[in-house]
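So you can see what is in the structure, the chains are spelled out below.
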Amino acid sequence: MNKGSEPERLLIGVDSLPALPRHIKLRHDPTRNRWMILAPERVLMPDPIALDILQLCDGQRSVAAIAAALAGQYAAPEERILRDVTNLLQDLADKGVITA
Amino acid sequence: MSVAAELDTQPATALGAPLGLLAELTHRCPLQCPYCSNPLNLERAHDELSTEVWCEVLAQAAELGVLQLHLSGGEPTVRRDLTQIIARAASLGLYSNLITAGVLLTRERLEELAACGLDHVQISVQDSDAANADRIAHYAGGHRKKLEVARWTKALDLPLTLNAPIHRQNIANLPAIIALAVELGAQRLEVAHVQYYGWALKNRQALMPTREQVLASAELIAEARTKLRGVLVIDFVVPDYYARRPKPCMGGWGRGIITVTPSGRVLPCHAAQTIDGLEFDNVRDRSLREIWSKSAAFQAFRGTTWMREPCRSCEFRGLDWGGCRCQAFAFTGSATNADPACDKSGFHAAFTDVARSEAGRPAAAFTYRRPRSDRRVG
């Protein structure tokens, strides 16, 4: 195998532009009246904060911009929000739910 | 407050409606894997549901709360109407997952399925070694074709899962199987130790790994997960013959998954027909909603009220639901016993002994999966 073509772990930074890949669907489920993430062989239930973050992941906004948008919504220091958003998105990237 | 949100990754099974529909479109399959999850009595092509009935089943499933559709078989691509079924699923907002051996697909057909709205492709491989893989599937040239289909899947930008059933005759190649998944660009790899029901139970002696092999495979997976974090998600299904606690089979009977067989029988689990005395309703006679909520087969082992000791008073009863009903029936003669995989079961020592003794002997020849009329020992 060509070493150079090996896929690498996606690392989320402040300038990353996170988005949901085509095969991940964030969908409101009328039966259970909540939002669900549909992924290959998995259904994930985002909590309200994760949902707020995911709904801002449009491939246009940077992680920094997402954190800034949430700072207006949540009463917490912006650098802490940035850190928490980055950690959450890294976790989701490792699960294959986020691309950037 | 903190935005350190954690995703709840528990399956949403406690919400009263099934999340997943396993649609066994057909039992026809060109492969003859000796651990096939289909029943020993394979259903015939002329009994299969029509396109119209399948489309109606999908509509009923979506209405009932199903979010994910697993198109399985047999080999689902045998059905010429697969495109129509996928298109219907997409129009209903169901997440569609094609579980295929791949060997019958052409690139054009795969493109067509993608264009109809297929969300995800899962391709099985029998080994990383082509000759051994083809021997296990009893299908010449199958492995090479699967790799080709996997590459088309990536080229069409469809997400790919590789599924590798593991047993004593391929477990030594686990590192190479993981490498193959990375090389093919799969996002997910399912390493599933064979579960012993139906065909696999018939071939148990030829398939059962040793305890040491199982432990080594678990270590290897743990290492690979760390090394491949963010590159490949690895799901690992352990064999329960060497376990202390049973697996929460299907996430609990009648809790999260609904299975429809090629002829329309509705099952709480794809192996449920191995349990004597259960009667299954058919989608041709009753609605999916009615069957899910009221049918005797779904009610039989739902929740915990059917349990006897040691399950009834067990602290884990609401977590593992007593384990697998089919395994309890097959090994102990009663489906209301604890799964013998549990060390609280009086059958556990005998259960573990079977695995040890079978794994310690040279592997028997496979009994390949075949329809009853042309079955012979291979």
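Up top you'll find the structure we're talking about.
Once a new chain begins, its residue numbering starts again from 1 and follows that chain's sequence as written. Chains carry letters from A onward and ligands carry numbers from 1 onward, assigned in written order. At least 70 in pLDDT is required for a residue's local features to be given in this predicted model, at least 80 for side-chain atom pairs to be given and counted, and no such filter applies to totals for whole chains, interfaces and linings, which use all residues.

K.L.:
Hey, could you run me through the overall build of chain A in this one?
P.N.:
Under the DSSP-based scheme used, a helix requires at least four consecutive residues in state H or I and a strand at least two consecutive residues in state E, with every element numbered from the N terminus. In terms of helices and strands, chain A carries three helices and three strands. When its C-alpha atoms are laid out on the principal axes, chain A stretches across 50 × 35 × 20 Å. Field definition: a residue is buried when 20 or more other C-beta atoms are found within 10 Å of its C-beta, exposed when 12 or fewer are, and partly exposed for counts in between, with C-beta atoms placed from the backbone. Within chain A, the fraction of its 100 residues that count as buried is 35%. Within chain A, contacts between residues separated by at least 24 positions form 52% of all contacts whose residues are at least 6 apart in sequence. C-beta atoms are placed from the backbone for every residue, and two residues are taken to be in contact when these atoms lie within 7 Å.

K.L.:
Is there a simple way to explain helix α14 (residues 348-360) of chain B in this structure?
P.N.:
For an α-helix, the turn length of 3.6 residues means that residues three or four places apart are oriented alike. All names here are of chain B. Look at α14: 18 Å from first C-alpha to last across 13 residues, which is about the 18 Å you get at 1.5 Å a residue. Those residues of α14 that fall on the buried side of the exposure criterion are Phe351, Ala355 and Ala359. Viewed end-on, α14 has its buried residues packed into an arc of 55°, placing them on one side of the element. For α14, exposure combined with an orientation more than 90 degrees from the buried face picks out Ala349, Ala350, Asp353, Ser357 and Gly360. On its buried face, α14 is in contact with α13 (325-332). Expected helix span is taken as 1.5 Å per residue step, with the number of steps being one fewer than the number of residues. What the arc covers is the set of directions going from the helix axis to the C-beta atoms.

K.L.:
Which parts of the structure should I look at to understand the pairing of strand β6 (residues 188-193) of chain B?
P.N.:
Sheet faces and side chains relate simply in a regular strand, where the side chains alternate between the two faces. Residue and element names in this part refer to chain B. Burial runs high along β6: five of the six residues are buried. Note: strand β5 (residues 160-166) against β6, six bridges, orientation parallel. By the bridge assignment, Pro165 is partnered in β6 with Ala192. When the strands point away from the viewer and the path from the first strand over the helix to the second turns clockwise, the crossover is right-handed. Crossover handedness for the path β5 to helix α6 (residues 174-184) to β6: right-handed. Note that β6 and strand β7 (residues 233-237) share five bridges and pair parallel. Note on β7: the bridge partner recorded for Ala192 is Val237. Each pair of strands is called paired provided DSSP finds at least two bridges between the two strands.

K.L.:
How do you make sense of the interface of chain A and chain B when you look at a structure like this?
P.N.:
Accessible area lost on assembly of the parts is the figure often given for the size of an interface. Of the residues lining the interface, 36 residues belong to chain A; the matching set on chain B comes to 32 residues. Elements with a contribution of two residues or more to the side of chain A that touches chain B: β1 (25-29), β2 (34-39), β3 (42-44), α1 (48-54) and α3 (78-94) of chain A. Tallying contributions element by element places α3 of chain A first for the side of chain A that touches chain B, with seven residues. The nonpolar class holds Ala, Val, Leu, Ile, Met, Phe, Trp, Tyr, Cys and Pro. Asp, Glu, Lys and Arg form the charged class, and all remaining residues, Gly among them, are polar. Here the residues of the side of chain A that touches chain B sort into 20 nonpolar, four polar and 12 charged.

K.L.:
Help me understand the sheet that holds β3 of chain A in this model?
P.N.:
Strands in a sheet are paired, the pairing made by backbone hydrogen bonds, and the direction either parallel or antiparallel. Residues and elements named next belong to chain A. If you walk across this open sheet you meet the three strands as β1-β2-β3, and the pairing is antiparallel. The sheet is open, and its two edges are formed by β1 and β3, each paired on a single side. On average, each strand axis in the sheet is tilted by 35° relative to the strand beside it, whichever way the strands run. Inspection of the sheet shows β2 paired to β3 by three bridges, in the antiparallel sense. Paired with Leu38 across the strands is Val43, a residue of β3. Angles shown run from 0 to 180 degrees and are taken between the N-to-C directions of axes, each axis being a line fitted to C-alpha atoms and, for helices, limited to the stretch in contact.

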